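Breakdown of the fold
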Amino acid sequence: MCGIVGYLGEQEAFPIIIKGLKRLEYRGYDSAGIALMNGSLSVYKKQGKVSDLEEFMGDANVKSTVGIGHTRWATHGEPNDTNAHPHFSADRKLVMIHNGIIENYAVLKQKLILRGHEFISDTDTEVFIHFIEQIQIDNQCELEEAVRIALTEVIGAYAIIVISAENPKQLIAARKSSPLVIGVGRNSQEFFLASDATPIIEYTQDVVYLNDHEIAVIKPNSLQIKDIGNKPTTPYVTHLEMELESIEKGGFDSFMLKEIHEQPNSVHDCMRGRLNAETGHLQLGGINKYLEHLLNSQRIIMLGCGTSWHAGLVAEYIFEELARIPVEVEYASEFRYRNPIVHAKDSFIAISQSGETADTLAAIELAKKEGGTIFGVCNVVGSSIARTTHEGAYTHAGPEIGVASTKAFTAQVTVLTMMALMIGRKRGNISDTQFSELLYELETIPAKIEKILQLNDHIKDIASEMQHAENALYLGRGYNFPVALEGALKLKEISYIHAEGYPAAEMKHGPIALIDEAMPVLFIAIKDNSYEKIVSNIQEVKARKGRVIAIVTEGDDLIPKMADYVIEVPATYDVLTPLLTVIPFQLLSYHIAIMRGCNVDQPRNLAKSVTVE
Ligand code: F6R
């Protein structure tokens with residue numbers, strides 16, 4: 001939530017910051033702001049998107065080689081011009097941008113009010129910068145020391161950048177539980193700061209990931225890092241392999257559509273170098289040191305939120321089938337506030353596209369504290385979750401920028417399937433033949449996804465029939481029950497149609513009461529071991545005049561006679577079907593949202609990376 005960008009160097013800061021904010025808009029887009037150091041501090045901020053800020057700034061003097069920018073997802077205070085970042089100190093000599101939440105801001109605010117501070121916004125960030133200012137006055141110290149002391153007293157999450165009018169060639173940055181990356185450009189003469197690497201890679205691929213409780217002091221030709229105990233650390237520079245094209249729309253109207261269409265490649269990339277059916281090779285390089293622990297797990301607990309939680313649910317079925325280890329799937333946000341019973345032989349798998357989700361991070365910390373061994377399945381390389389877990393496997397899906405997760409889901413399910421297969425094989429639960437057949441079949445999945453994507457026009461026609469619905473019901477069984485949940489989530493988050501996902505057999509325990517002519521009911525009715533049961537469920541819906549849209553296996557000649565619309569997917573092994581059945585739901589939601597005039601990449605109230613509780 002919230003994207004932050006900073007630049008210090010010899011180039012013009014304004015275009016770098018504006019472009020960076022546009023790349024980070026997926027993190028929040030209810031207001032944006034910028035501070036430039038040109039003689040004095042100039043601050044511009046506006047409710048709305050980054051383009052509204054640009055328009056508002058018109059032909060303001062933007063000449064400057066030092067600046068910071070922010071795109072907001074509101075936590076404290078409604079989205080308006082005043083609450084937009086950056087925020088000033090009382091003397092207007094300091095400005096701050098902040099991603100995160102300061103939990104003790106109310107107490108700090110009261111203390112500062114007693115010292116004569118006045119606040120114009122409702123934000124915790126304004127309190128934070130006034131607090132730093134007051135510490136500097138009280139201690140008569142340098143700004144970096146005031147920031148350090150403040151950080152020992154604030155409770156919560158933050159990635160911040162502070163500029164001072166009195167020290168115009170300096171940026172001070174710090175982080176705890178919210179991400180911050182520092183790009184090191186041109187012989188270490190210029191520095192780019194951002195919430196993730198996407199605003200940076202155009203200029204440099206050398207980055208330093210700031211760790212929790214670290215403070216960076218950035219000056220021309222100098223990057224110094226220390227922790228909040230004042231202990232200096234040597235910046236560790238990582239070279240990124242990210243390509244610029246991977247973060248642009250590449251001819252598609254939206255990132256979401258591009259990312260849906262990237263799935264044949266992203267699923268393939270996820271298996272590349274790890275799986276070879278011909279040679280019978282299957283290895284996840286990131287899982288090594290703790291592999292024995294994983295193989296001997298008495299229980300596996302999946303942790304995640306939203307779509308990543310759905311991937312965990314799919315994995316529950318797959319692991320129990322192939323690895324024969326009991327699995328529990330926990331919402332990270334629930335797990336973190338439980339008093340969990342963790343056994344030494346438990347393994348946790350934390351699933352996260354961004355690798356920054358606050359609830360998942362907190363659940364990992366708790367599991368670790370209780371003695372659990374944690375494996376990460378993350379997409380963003382170098383992200384907090386990837387670094388906090390004991391070991392893990394990246395999904396290698398490439399940057400996912402559309403707020404609704406698509407290619408990350410299929411990549412997560414692919415990695416988790418490979419993990420389950422690897423464990424099952426090593427534990428002797430899968431025969432040589434079964435193992436080999438599944439590897440060969442996995443290799444065909446990208447081509448099968450490609451085939452489904454070719455049904456785009458047909459799916460668009462169905463979308464046009466569904467676009468005015470107010471509710472929708474998604475039903476599936478077994479491996480495809482979580483896909484029903486994911487289909488419903490995709491529809492509601494981008495088209496704002498209320499949708500529910502259910503195990504199909506549960507329909508008669510309640511949801512059937514909702515069915516009438518107006519209710520589209522979307523079935524995953526492929527030819528797997530629950531096919532006959534699903535056929536009966538479809539008949540029950542038709543008997544109540546519901547409109548049935550069914551995802552069926554190619555060549556099915558029974559369901560097309562019963563359903564209003566069918567979408568065919570190629571046949572595959574039951575365990576791999578979620579990788580195919582989810583694709584029509586992604587396209588359907590996309591088209592419905594576009595027909596309803598919604599912004600699919602930036603749905604209302606959502607943010608891509610949920611770094612607050
Ligand atoms: C839905 C969606 C969210 C995320 C959730 C977890 O389309 O994108 O539900 O799946 O916020 O995010 P990550 O995977 O980054 O931890």
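Since the structure is predicted, the reported quantities are computational estimates derived from the model, not experimental observations.

With 92 residues, the main nonpolar core has Met302, Phe319, Ile349, Leu416 and Met419 as its most contacted residues. No other element matches helix H13 (residues 407-426), which puts eleven residues into this core. Taken domain by domain, this core gets at least three of its residues from each of domain 2 (250-446) and domain 3 (455-600).

The subject of this paragraph is the domain arrangement of the protein chain. By domain assignment, the protein chain separates into domain 1 (3-245), domain 2 (250-446) and domain 3 (455-600). The distance between the C-alpha centroids of domain 1 and domain 3 comes to 45 Å.

Take the environment of Glu248 next. Within the fold, Glu248 resides in the loop between strand E15 (237-239) and helix H6 (255-261). Classification of Glu248 by relative accessible area gives partly exposed; the value is 34%. The residues touching Glu248, leaving out its near neighbours within four places in the chain, are Arg23, Phe255 and Lys258.

Looking now at the packing of helix H9 (residues 306-322) against helix H16 (residues 481-495). In helix packing, the relevant descriptors are the interaxial angle and the interaxial distance, both defined with respect to the helix axes. In the contact formed by H9 and H16, the axes pass within 8 Å of each other and the chain directions differ by 165°. Looking at the two axes, H9 sits roughly antiparallel to H16. The two elements H9 and H16 meet at a crossing, and its hand is left-handed. Here Gly306, Thr307, Trp309, His310, Leu313, Val314 and Tyr317 of H9 lie close against H16, whose contacting residues are Phe481, Pro482, Leu485, Glu486, Leu489 and Lys490. For the contact of H9 with H16, a count of residues per class yields eight nonpolar, three polar and two charged.

Residue position: Thr572 is located in the loop between strand E27 (565-569) and helix H19 (578-595). Residues within four places of Thr572 in sequence aside, it is in contact with Glu441, Ile445, Lys448, Thr577 and Leu580.

For the rest of this paragraph, the subject is the sheet that holds strand E24 (residues 498-503). One open sheet holds the five strands; their spatial order is E24-E23-E25-E26-E27, and the pairing between them is parallel. Since the sheet does not close on itself, it has two edges, and those belong to E24 and E27, each with one partner. Going from strand to strand, the sheet's axes swing by 20° on average, the running direction of each strand aside. Inspection of the sheet shows strand E26 (residues 547-553) paired to E27 by five bridges, in the parallel sense. Residue pairing across strands places Ile549 opposite Tyr565, the latter belonging to E27.

Time to look at the site of the ligand. Around the ligand sit 15 residues in total, of which Ser308, Ser352, Ser354, Thr357 and Glu493 are the nearest. Ser352 is positioned with one of its side-chain polar atoms (N or O) 2.6 Å from an oxygen atom of the ligand. A distance of 3.3 Å separates an oxygen atom of the ligand from a polar atom in the backbone of Val403. Notes on the ligand: free accessible area 410 Å², of which the protein chains cover 91%. Going through the elements one at a time, H9 and H16 are the ones with two or more residues in the shell around the ligand. Partitioning the shell around the ligand into residue classes produces five nonpolar, eight polar and two charged.

What follows deals with helix H1 (residues 13-24). Between its first and last C-alpha, H1 extends 16 Å over twelve residues, near the 16 Å set by a 1.5 Å rise per residue. Burial analysis of H1 places nine of its twelve residues in the buried class, which makes it a mostly covered element. Taken residue by residue, H1 has Ala13, Phe14, Ile16, Ile17, Ile18, Gly20, Leu21, Arg23 and Leu24 as its buried positions. Contact partners of the buried residues in H1: strand E1 (3-8), strand E2 (31-38), helix H2 (50-57), strand E4 (66-72) and strand E10 (190-194).

Read across the sheet, eight strands follow the order E3-E2-E4-E1-E10-E9-E11-E15 without closing on themselves; strand pairing throughout is antiparallel. One side of each edge strand has no neighbouring strand; the edge strands of this open sheet are strand E3 (40-47) and E15. In this sheet, adjacent strand axes meet at a mean angle of 20° when their direction is disregarded. Where E2 meets E4, six bridges bridge the pair, whose relative direction is antiparallel. In the sheet register, Ser31 faces E4, and the bridge partner there is Arg72. Relative to E1, H1 is tilted by about 160°, and along the sheet it contacts E1, E2, E4 and E10. Along the sheet face, H2 touches E2, E3 and E4 and points at about 125° away from the line of E3.

Calculation rules
Residues numbered from 1 in each chain as written. Predicted model: local features only at pLDDT ≥ 70, side-chain atom pairs only at ≥ 80, totals over all residues. Heavy atoms only, no water. Core = buried A, V, L, I, M, F, W, Y, C linked by side-chain atoms within 4.5 Å. Buried < 20%, exposed > 50% of the residue type's maximum accessible area, 1.4 Å probe, protein only. Helix = DSSP H or I, 4+ residues; strand = E, 2+ residues; numbered from the N terminus. Domains from an automatic or database assignment. Contact = heavy atoms within 4.5 Å. Axes fitted to C-alpha atoms, helices over the stretch in contact; angles between N-to-C directions. Parallel < 35°, antiparallel > 145°, perpendicular 65-115°, else oblique. Left-handed = near helix turned anticlockwise from the far one by under 90°. Nonpolar A, V, L, I, M, F, W, Y, C, P; charged D, E, K, R; others polar. Pairing = 2+ DSSP bridges. Near = heavy atom within 4 Å. Polar contact = N/O pair within 3.5 Å; in protein donor to acceptor, adjacent residues only side chain to side chain. Areas by Shrake-Rupley, 256 points an atom, 1.4 Å probe, with all protein chains shown as cover. Expected span 1.5 Å × (residues − 1).

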